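Structure at a glance
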Amino acid sequence: MQISVDYPPWRSPLAYALYVVMVLSMVMLWLRSKIKQRTILLEQHNALRQVKNKLELALAVASSDVWEADLNQNCLIHSSRMLFIFPTLQDTYSMEDYLAKLHPDDSASYYQNWQALKDNESTEFNCIYRIKTNEGQWRWFKDVGKLSVLQSDKPQQIYGLYTDITSHKLTEQELEHLSHYDQVTGLPNRNLLQQYLTQAENGLQFSAFIVIKLLQFSEIKSAFGDLVTNSALLQLSTRMRSIISTPNLLIHAAESTFVVALQNSEAGDVSHISERLLSLINTPITVHEQDITISGIAGTACSTNEPYSGQQLLNQAELALRAARDSGGYQHYSYQTGLLEQTKQKFILQQQLRDAISQNKLLNYYQPIINAKSGVPVGVELLLRWNNGGQFIPPDKFIPIAEQCGLIDQLTCLSLATACEDILLLQNQGVTLYLSINLTATQLCSHSILAQFKKIILEKGVSPKLIRLEITESSLIQNKGNAIHNMSELRDAGFQIFLDDFGTGYSSLKYIQDFPLDAIKIDRSFVSNITKSNNTAIIDTIITLADSLGVVCIAEGVETLAERDYLLSKNCHYMQGYLYSKPVPIEQLLALYTVLSSHYAIFDK
C-alpha cells in the first residue's frame, strides 16, 4: 500500500517558485532604484557642472573671482589675482604686505573696512581701491565680502567676490575728461568752471575774473572751416597759457569765449593781465600758410571790500564784457558799481520797447531837406521818436537796443508803412516830397528785408522814385559783395542810395568809386565846426568830390546863417538842420505846408 503525503503549502514547488520570483523581483526593484538614484545623481552633477561653468564664465566676463581671508590670522588666502600682484606664490598673504601694495589714497579706507570686521562692528566688507601690479601699473578692484564663521563670538573667516574694474574706471575717467575739458584746446571747460565755483564756496577763493570774447570768430569759421579755426584756437590758447600759471586758471568756456580765474590779484594786476592777453590775441597767427588776425574784447571784475562770491564776480565780469561789446570802442572794460543796475534798466527798456513796437506806439517825425538856394523843401528824413510813459527816449538809445534784440526790421517796416501813408497825404494836398529812411548794415545785406520794403511801398501805392535809402560807410565794409548787389538791385527798382555821415567812416573815396551812390551827406560834426580851417578844407574837398562824380551833396546839422551862407558859397545847395526845422510829426508838417503861400518860404526854427 502506497501512501502519498502532500507537501506543506510553504514547501511546495509552487511555493519555492514563488519564493524565487519574489527574490528576483526584490533584486530587480533594488537594481532599478540604484539605477534611478545614479541617474539623478548624474543629472545633479551635470547641472552643478553647468552652473559652475556658467559662474566661471560670468566671473571671467566680469573680470571677477572669489577671495577669502582669515581675520584671526590677519591674512588673505591665495586667489588668482595674487599672481600679478606679488612676485612669489604663497598660500597666505599678510594684511601688512597687501596694504603696502595699495594706493596711498585708498589704503586708509581699506584698512578701516578690514578693522571694522575684526572688531565685530560690521559683518560685510565693501571697498573700491587701487593696487600696484608687478609691472608697476595701478589696477582698480571692487571687493565685497560677508562674514561667514563666528567662533566664541569673534569673527574668523570671510568670503567674498572681487571684480577688476580698471576698464570701467578708465572709461569713467575718459568720460569725465570729455565732460570737463575742451577737446580742441585741452583747457577746462565751463562744466569744470562751475565745479571750481562750487569749490570756491567751500574754501577755494577767486579774487578776480577776466572774460574774453573773440570777435569775428564766426566769420573766420565760415571763411576757412573748422580745421583752420581749431588750429587758430589751439595757437591762441597756447599763447594765453604762457602767462596764466597755477594757482590761476585759464578756461575755454565756449567756442569764442575764454575765462581767466585769478587768486590774490589786485585791480591793477587784473587790468595788466587783461591787456597782455588781448595783445597776444591781436597778434597775427599763421594757419596753413594763411595769416589770420583775431581781435578780442575783455570784461573784468575784481573783489574789493565787498565779500563777493566767485559766481558773483564771474557775473560781473560778463556784464563788463557786454558793456565793452555794446560800447563798440572799448577793448577792455572793468566792472563798475551800478553796471548791474544799468543792465537791469536796459532789460526793462528792452521789454518796454518790444511792447511799444508790437502796439505800434513809436512815432514818425520828419525833418525837411531844403534846397537852400530857393528855400524849397525837396524831401524829408524819417526819424523815429518814442514816448515811453511821458518820457521821450532818444533814438541813439533805443535804436541800438532794437538792433541788439532783433526788433529793428519790424520797427523799420512799421515806420516805413506809416511814412508811406504820410507821403500820400502830402501828395493829396499837392506837395510831393521824397522820403529818406535809414538802413542798418544788416538790412543792407539782407534780401528778405529789402523784399519787404518793396512789398510795403507797392501795397501803399508809393513810387520807389520817392524813396531814398540812407546807409553809413561802416555798413558797406561788412559784406561788400552783398552790399553792391543789393544796392544795384534797389537802384534798378527806382530807389536812390544816400551815403550818410560821410567823412567819418573808412576809406570814403574808395567807397564812392566802388558803390552805386546817388548822394553823399556831410556829417554834422564838420558843419557845426565850420569856422575851423581844417573843417572848411574837408567840406570843400567833399563838395568838390561830389560835384566831380556827379552825385548830390547834402549838409546835415545846419543851424546858423553863417553855416548856410558858407555852404551856399561852395555850391552845396541841399541842407537840413534846425535852421530850417527840427524834426516834427506829420500834423505839424501839414500845418506848415497849409500856411505856405509860395514855394520860397522856409521853415521857421
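Located above this text is the structure these notes cover.
Keep in mind it's a predicted model, so treat the numbers as computed, not measured.

Focus on the sheet that holds strand 7 (residues 208-214)
The five strands lie next to each other as 8-9-7-12-13, forming an open sheet whose pairing is mixed. On the outer flanks of this sheet lie strand 8 (249-254) and strand 13 (332-334), each paired with one strand and no other. For this sheet, the mean angle separating the axes of adjacent strands, direction not counted, is 20°. When strand 7 meets strand 12 (residues 296-302), the two strands line up antiparallel, connected through seven bridges. If you follow A208 over to strand 12, its bridge partner there is C302. With respect to the sheet, helix 7 (residues 267-282) is in contact with strand 7, strand 9 (257-262), strand 12 and strand 13, its orientation differing from that of strand 12 by roughly 165°. In the packing of helix 8 (residues 310-327) onto the sheet, contacts are made with strand 7, strand 9, strand 12 and strand 13, and the angle to strand 12 comes to roughly 145°.

Structural notes on the nonpolar core
Counting 61 residues, the largest nonpolar core has L435 and L567 as its most contacted members. Take this core: its biggest share by element is seven residues, from helix 11 (residues 408-428). The contacts of L435, once residues within four sequence positions are left out, are Y366, V380, L382, L416, A419, I423, L466, I467 and R468. In terms of nonpolar packing, the next biggest core, distinct from the first, is built from 29 residues, L214, F217, L250 and L277 among them.

What about unusual backbone geometry?
In the segment running from T246 into P247, the intervening peptide bond is cis, with an omega of 10°. Looking at the secondary structure, you find P247 in the loop between helix 6 (217-241) and strand 8. Of note in the backbone geometry, Q216 takes a positive phi value of approximately 55° without being a glycine. For Q216, the position within the fold is in the loop between strand 7 and helix 6.

Calculation criteria
- Residues numbered from 1 in each chain as written.
- Predicted model: local features only at pLDDT ≥ 70, side-chain atom pairs only at ≥ 80, totals over all residues.
- Heavy atoms only, no water.
- Pairing = 2+ DSSP bridges.
- Helix = DSSP H or I, 4+ residues; strand = E, 2+ residues; numbered from the N terminus.
- Axes fitted to C-alpha atoms, helices over the stretch in contact; angles between N-to-C directions.
- Contact = heavy atoms within 4.5 Å.
- Core = buried A, V, L, I, M, F, W, Y, C linked by side-chain atoms within 4.5 Å.
- Buried < 20%, exposed > 50% of the residue type's maximum accessible area, 1.4 Å probe, protein only.

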